[in-house]
Each structure stands twice: as structure tokens, then as C-alpha cells.
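Reading the structure
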Amino acid sequence: MAVVKLDTIVKRYGHAGPVVVENVDLTIADGEFMVLLGPSGCGKSTTLRMIAGLETISSGTLSIDGRVVNDVPAKDRDIAMVFQSYALYPHMSVADNLAFGLRRRAIAAAEVQRRVGEVAAILGLAPLLARKPSALSGGQRQRVALGRAMVREPQVFLFDEPLSNLDAALRVNTRSEIIKQHHRLGSTMIYVTHDQVEAMTMGTRICVMNAGKVAQIGAPLDVYWQPANTFVARFLGSPPMNLMTARLSAPERRARSGALDAPLGRWSDGTLLAYDGRDVTLGVRAEDMVIDPAVLGETPYGSVTGRTIAVEPLGAETLLLLELEGGGEITARLPRHVSAAPEQIVTLHFRPEAVYLFDATTGDAVSTQESDAAVVRAAVQRRTH
């Protein structure tokens, strides 16, 4: 088994320097594809480099397969890493790049040839083995970098934003390639990215990081439908979740502010009473807003009105950006036939179950006391009906 466990991991630079990774507790199961997701500077790459042995650990314990590796050199950790910059040897052929790490470990020539040939066939590199990296496209170079890790047959694969240097089409293709190889190999993989689409489509679980701390860990859909706080709600989703400030009225079970009127049907009376008369933060995802309330059926729906500031037709859909009374902007993801003129006043509608409630002071989500499965089921149903 290749279980990777981070127990209260801390990283600071210098004896009394700033803490860049703070008390990270994370267990990556054998064969899991774990994605470390977050903005630049959040500590995700530093965490990955500590797992790889490229950064020292200030405090805490890191173990791989039950073995504490805090002081174990990188070369003895049985891991392989794919970097953002392909890090290929420009003077070597593809075959030699693939074989280099094996030869450094004095593996028999026949075994080296077998592994290189097998990986090259899997990744479609067999016709390119004689070429130098300068004669390869970006996607081909990334496949060579992936292949160089695969021939090692390590316990754990580490990926540090490996698709950042590729164009959009190559990112999609290479992403699919990595997913296929994870299914084929069944190895433990830890993948760092700032791209939420990569995280949602690739990860078994996602660890969202912010300012050196873990903000939330969970399966992609669980984190998407049940964000732990406003940071996760805004970061995971494209467009990000709309967040609006409103005053909560517990007796009416509603929150209002200017042109916003939102029903709060999912929370208990006691929970709403604790916030009665207080400002709260409401969240509604762009895809849960509609212009025609008839499509919502007989449900008592919420609404928000704003002034059109931009219309972005994307072909399959249209993004509508509105400025709200009193400041703030929201985005709605609407059918492709929808259009609006600049400065036009538009009212958007949404179901009660599409509303998220956050504490305005802490930013933490206010629990509905519903099970994870129930929330995810309801979310899927409202997107498919």
C-alpha cells in the first residue's frame, strides 16, 4: 500500500520566519488521486515539495506507507515527480530521457529497455523515441515527462501544475491522458493545480488550501455543493458563486437587501433565530439563476434585480453580468438564446434550495443539518429538471 499521511505539517522559512504551511492534516489513501487546489501562494506547491523531499519540514510528521520520511532523502522515498516545466534533458533523445533515471539506479539494461518500450507504447511515444525535446510539441514533451515518472514504477506520483504551459486543447487531451493512466496504474497520485476544472474532473478528492491552511477536503461534488466557507464557494466554480449581503428575518424565513429577496427554507427555526435581524451572506450559483420563473414550477422562488453591465455569449450558453443596487455584481449562466441590452434592468429568479447561507463575520457556512448525500442529490436534481 502507498498511503501518504501528513500529520500537523508546518513549514516556515527561518527559525522565526513566516509560516507558509500551517498544521496540514491530510491522509491520501492507497490508489487515490488527491488534488491540492488553491490560488497562487496558498502553500499547495510547498506542501507537495515537502512530500517529495525537496523542502524540509519545520514540524509535524510525514509518512509514506507507514514509514516516517521526514529525514529520508528524496531519492529514497520511492516517489516520482512531474514538474510544471517539463525538465527534459535537451541533448538527450526521448528514449534516453525516459531511461535516464533507471540507468542512474543501475537497473539492468534489458529491464530498462522493457520499461521504456512499454511506457512509450502506452503514451504514444514509440514513433518519437529518437527525437530530441526541441523537435516535440508541448503536449509531446509533457507526455515524455509523464513517461519518465511512469517508468520508475514508484509508490507515489506527484504532479506540480503539469498542464500550465499547455494551450487549452492540449490541456484537455493531456488531462484525459493522466486520468487514463491513473485508472490503468491504480497508483497513488497527488496533483497540484490552481485550475478548478482540473480539480473537479481529475480528483478522487480535493484538498482546497488558502493562506497555508486547509480550507476543506472532500469529493469534488461534495465540496462543490457543500462549500465550508465563502472562500471555497467562490474558488470552486466557474463563474464563481454569487455572494450577496442581506438582512435575515427569522419569522418570515427570508433574507432581503435592496432588490434581493431570498427564501430560507432549508434551515431550522432555531438556526434562523440565531441570525434574526443580522446581516448574513447569501450565495447562489450562476447556473441556478433563470430569467423566466415559469421554469421553476410552483416553488416559491427568490429573486434579485440588477442593471446589465455585460453580456458574454459563449455559444452553448450566455453569461449575464448585473450590477446590484448598493454595489456588487452577480453573474448568471443562462441559455444561449438569452440576450439583454446594456443598462437594461433584469430580474433573476432561483429556487429556495439553490440558496447558501454564510456567517457574514466568519465566512463559514451555516449548516442545514442535512446529510451530504441529500444535499448532493437535491443539487443534481435541480440541475437536471
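Just so you know, the residues in each chain are numbered from 1, in the order the chain's sequence is written. In view of the model being predicted, local features appear only for residues whose pLDDT reaches at least 70, and side-chain atom pairs are presented and counted only at 80 or more, with totals across whole chains, interfaces and linings using the full set of residues. Excluded from the side-chain calculation are hydrogens and water; included are all heavy atoms of the structure.

**Some details on the environment of A354**
Within the secondary structure layout, A354 lies in the loop between β18 (345-350) and β19 (356-359). Exposed residues in this analysis have more than 50% of their type's maximum accessible area, buried residues have under 20%, and partly exposed residues fall in between, with area computed by a 1.4 Å probe over protein chains only. In this structure A354 comes out as buried when scored by relative accessible area, which is 0%. Considering only alpha carbons, one finds A354 and M289, 65 residues apart in sequence, at a separation of 8.6 Å. Secondary structure counts use DSSP, requiring at least four H or I residues in a row for a helix and at least two E residues in a row for a strand, with both numbered from the N terminus.

**Here we look at the packing of helix α2 (residues 94-104) against helix α4 (residues 138-150)**
Look at α2 against α4: their axes get within 8 Å of each other, and the N-to-C directions meet at 30°. Between α2 and α4, the crossing angle belongs to the class labelled roughly parallel. The interaxial crossing formed by α2 with α4 has right-handed handedness. Each of V94, N97 and L98 in α2 lies in contact with α4, whose residues at this interface are V144, G147 and R148. Only Asp, Glu, Lys and Arg are considered charged in this grouping, and only Ala, Val, Leu, Ile, Met, Phe, Trp, Tyr, Cys and Pro are considered nonpolar; every other residue, Gly among them, is considered polar. Across the contact of α2 with α4, the residue classes tally to three nonpolar, two polar and one charged. Comment: axis = line fitted to C-alpha atoms, over the contacting stretch for helices; angle = value between 0 and 180 degrees taken between N-to-C directions. Angle categories are assigned with fixed cut-offs, so that under 35 degrees is roughly parallel, over 145 is roughly antiparallel, 65 to 115 is roughly perpendicular, and the rest are oblique. By the definition used in this description, the sense in which the near helix is turned from the far one sets the handedness, with an anticlockwise turn below a right angle giving left-handed and a clockwise turn giving right-handed. We call two residues in contact when some of their heavy atoms are within 4.5 Å.

**Overview of α2**
Listed in full, the buried residues belonging to α2 are V94, N97, L98, A99, G101 and L102. Buried residues in α2 make contact with α3 (109-122) and α4. Phi turns positive, to about 60°, at A106, one or two residues after α2.

**Concerning the packing of aromatic side chains**
Geometry of an aromatic ring pair is reported as the spacing of the ring centres plus the angle between the planes. Classification of ring pairs rests on two measures: the distance between centres of Phe, Tyr or Trp rings, Trp counted by its six-membered ring, which must be within 6.5 Å, and the angle between planes, read as stacked under 30 degrees, edge-to-face over 60 and tilted in between. Across all of its chains, the model carries six aromatic pairs by this definition. With 4.8 Å between their ring centres and 55° between their planes, Y89 and F100 make a pair best called tilted. With a gap of eleven residues between them, Y89 in the loop between β6 (79-82) and α2 and F100 in helix α2 connect regions that are remote in the sequence. Taken together, the ring pairs connect F33, F157, F159 and Y191 into an aromatic cluster. Two conditions define a charge sitting above a ring: the NZ of Lys or the CZ of Arg must be within 6 Å of the ring centre, and it must be within 35 degrees of the ring normal. Here the guanidinium or amino end of R266 rests over the ring plane of W267, the centre of that ring lying 4.8 Å away. Sitting above the plane of the Y356 ring, R266 keeps its charged end 5.8 Å from the centroid.

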